[in-house]
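Commentary on secondary and tertiary structure
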Amino acid sequence: MKMKVLKFGGTSVGSVENMNNVKNIINDGQRKVVVLSAMSGTTNQLVAIAQDIAEKNPNEAIDKINKLNETYFTAIDKLLRNKKLNEDVKSYVSGIFNFLVESTYKEYSETIENQIVAQGELLSTYMFNSYLNQEGVSSALLPALSFMRIDEFTEPDYNYIESNFKDVFENVEESEIYITQGFICLDINGEISNLQRGGSDYTATIIGAAIKAEEVQIWTDIDGMHNNDPRYVDNTKPISNLSFDEAAELAYFGAKILHPQTVTPVRTDNIPVRLKNTMNPEAYGTLISSKTSVNGVKAIAAKDNITAIKIKSARMLQAHGFLKKVFEIFESYKTSIDMITTSEVAVSLTIDDDKNLDKILVELEKIATIEVDKNQSIVCLVGHSVVNHQDTFKLFQILQDVKIRMISYGGSNNNISLLIDTKHKITTLQKLNNYLFELVTL
Ligand code: ASP
């Protein structure tokens, strides 16, 4: 029988009330896999603790560890009235906090940071499994580190995951609900690693693909993917249906609700992904599937911390091979390019990872004159066949009052991207909302 995979985010497991909501959602008599994030705020604290260790501030790290320990003990007392379970969980949690304290005596390394950051999901899943136990719901823990692994390119190792998941699943006591940790995995050397921030969504779809799930559900604290960023724009609305392409573009270009890679594992097998709200389970949410519909712009998202580089050279004029040289420089520093526009004498492109920017610039300056603009944002308009839609021209109405640094139109039929200075982001999102969704005309 096909199972569903349900992932619950940090706020869903962030309080006793919310854990109770999760219990009610998952306890419907059907077998399922439940993927949990760390309780909200925990991963940020763990990252900060690792940072303190890196900066040789062990006392500050210990301070944070003690505070976090206190928060967990208070949560456990609220959650687990059953004395035996309460004591068992406290002893498990103390083991983790002892490990964190021991880490502060060690020399910082990426491995240590990854081990520290992994503890959040180990805590939340152990606590939640005990809570279900207390409430009489049949559940078992599937340790993610026994089956979740990435390869040398940090891509999921699907063969390994599929066979190891099967092994772990078949050897654990039979239950209705199988709980596992999101985000954490092993790397190719068997060290603890992770799928990057927000990675529990990705865990859910990787497992979904491995077990050919009936559906993957991502439960958060908002009614699905909205058509614009609700932090900056009023009256945004949830989008009921998105295609895999649309969802992938939105997740990559800044829609915070999904990890950028979420839909990749499931799209070839056509496994639908449903975005739902733990605090409002009746709301329809968003269904991501292979169905497409032409509706013009469906959603707008923005991605910050973009660097734009203008590469100008008289040598480009009627010369071939110039772009190849440029791309090779970026390639040699493993830096991927997001947007690109060209003229006969210049090319502008953007990157979001500027770790190697200085070295790249040294190379580029050997062949061209360079201008760099930091603090840029890509505003991305997404909709199936949006470039062909009759209403899309309204986008250009904002050109008269927002300074646009680059436009990418026609790269894909489903996406139009604008590059703007981040200081204009909020007004740009609001204006686009008015022109494109609220039907305001000039
Ligand atoms: N706990 C991790 C994070 O905060 C992973 C996740 O929540 O998806 O990024």
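Right above here is the structure, for reference.
Residues numbered from 1 in each chain as written. Predicted model: local features only at pLDDT ≥ 70, side-chain atom pairs only at ≥ 80, totals over all residues. Heavy atoms only, no water.

1. What about the overall build of the chain?
The helix and strand tally for the chain stands at 13 helices and 16 strands. Its C-alpha atoms give the chain a radius of gyration of 24 Å, within 12% of the compact-globule value 22 Å for 442 residues. Its C-alpha atoms give the chain principal-axis dimensions of about 75 × 50 × 40 Å. Evaluated residue by residue, the chain yields a buried proportion of 52% over its 442 residues. The contacts of the chain with a sequence gap of at least 6 include a subset with a gap of at least 24, amounting to 75%. Surface exposure of the chain reaches about 20,400 Å², of which carbon and sulfur atoms provide 47%. Side-chain charges in the chain split into 44 positive and 57 negative, and the spacing between the mean points of these groups amounts to 3 Å. (Helix = DSSP H or I, 4+ residues; strand = E, 2+ residues; numbered from the N terminus. Rg over C-alpha atoms; globule rule 2.2 N^0.38 Å. Buried < 20%, exposed > 50% of the residue type's maximum accessible area, 1.4 Å probe, protein only. Contact = heavy atoms within 4.5 Å. Areas by Shrake-Rupley, 256 points an atom, 1.4 Å probe, with all protein chains shown as cover. Lys, Arg positive; Asp, Glu negative; His and termini not counted. Charge placed at Lys NZ, Arg CZ, Asp CG, Glu CD.)

2. Examining unusual backbone geometry
If you check the backbone angles, Asn 235 has positive phi at about 55° while not being a glycine. Positionally, Asn 235 belongs in the loop between β7 (215-220) and β8 (241-243). Owing to a relative accessible area of 58%, Asn 235 belongs among the exposed residues under this scheme. Despite not being glycine, Asn 270 has its phi angle at roughly 60°, a positive value. For Asn 270, the location among the structural elements is in the loop between α10 (264-267) and β9 (273-277). The partly exposed category is assigned to Asn 270, whose relative accessible area is 44%.

3. Here we look at the packing of helix α11 (residues 322-332) against helix α12 (residues 357-365)
In the contact formed by α11 and α12, the axes pass within 10 Å of each other and the chain directions differ by 155°. Classified by the interaxial angle, the pair formed by α11 and α12 is roughly antiparallel. Of the two elements, α11 crosses α12, and the hand of that crossing is right-handed. In contact with Val 326, Ile 329 and Phe 330 of α11, α12 contributes Ile 360, Glu 363 and Leu 364. (Axes fitted to C-alpha atoms, helices over the stretch in contact; angles between N-to-C directions. Parallel < 35°, antiparallel > 145°, perpendicular 65-115°, else oblique. Left-handed = near helix turned anticlockwise from the far one by under 90°.)

4. Topic: the side chain of His 389
By the element assignment, His 389 lies in the loop between β14 (369-382) and β15 (404-412). Of note is the side chain of His 389, whose polar atom sits 3.5 Å from the backbone nitrogen of Gly 296. (Polar contact = N/O pair within 3.5 Å; in protein donor to acceptor, adjacent residues only side chain to side chain.)

5. Some remarks on the side chain of Thr 220
Tracing the backbone shows Thr 220 in strand β7. Residue class for Thr 220 comes out buried when judged on its relative accessible area of 11%. For Thr 220, the side chain forms a polar contact with the main-chain nitrogen of Ile 222, separated by 3.3 Å. Excluding its chain neighbours within four sequence positions, the residues that come into contact with Thr 220 are Ser 12, Ile 257, Lys 276, Asn 277 and Thr 278.

6. Section: the site of the ligand
Surrounding the ligand, one finds Ser 37, Ala 38, Thr 43, Glu 121, Phe 183, Arg 197, Gly 198, Gly 199 and Ser 200. At 2.7 Å, a side-chain N or O of Glu 121 approaches a nitrogen atom of the ligand. Backbone polar atom of Gly 199 to an oxygen atom of the ligand: 3.4 Å apart, as the coordinates give it. For the ligand, the accessible surface in isolation is 260 Å², of which the surrounding protein chains cover 86%. When the residues that make up the shell around the ligand are grouped by side-chain class, the tally is 2 nonpolar, 5 polar and 2 charged. (Near = heavy atom within 4 Å. Nonpolar A, V, L, I, M, F, W, Y, C, P; charged D, E, K, R; others polar.)

7. Comments concerning the packing of aromatic side chains
Under the definition given, this model contains 9 aromatic pairs. Judged by centre distance (5.0 Å) and plane angle (85°), the ring pair of Phe 147 and Phe 165 falls under edge-to-face. Of this pair, Phe 147 sits in the loop between β3 (139-142) and α7 (158-171) while Phe 165 sits in helix α7, placing them 18 residues apart in sequence. As far as burial versus exposure is concerned, Phe 147 and Phe 165 are alike and both buried. Considering the side-chain rings of Phe 169 and Tyr 178, the 4.4 Å spacing of their centres and the 45° angle between planes classify their relative orientation as tilted. Like Tyr 178, Phe 169 is buried. Connected via pairs of aromatic rings, a cluster forms that spans Phe 147, Phe 165, Phe 169 and Tyr 178. Sitting over the face of the ring of Tyr 160, Arg 149 holds its NZ or CZ atom 3.9 Å from the ring centroid. (Phe/Tyr/Trp six-rings, centres within 6.5 Å; stacked < 30°, edge-to-face > 60°. Lys NZ or Arg CZ within 6 Å of the ring centre and 35° of its normal.)

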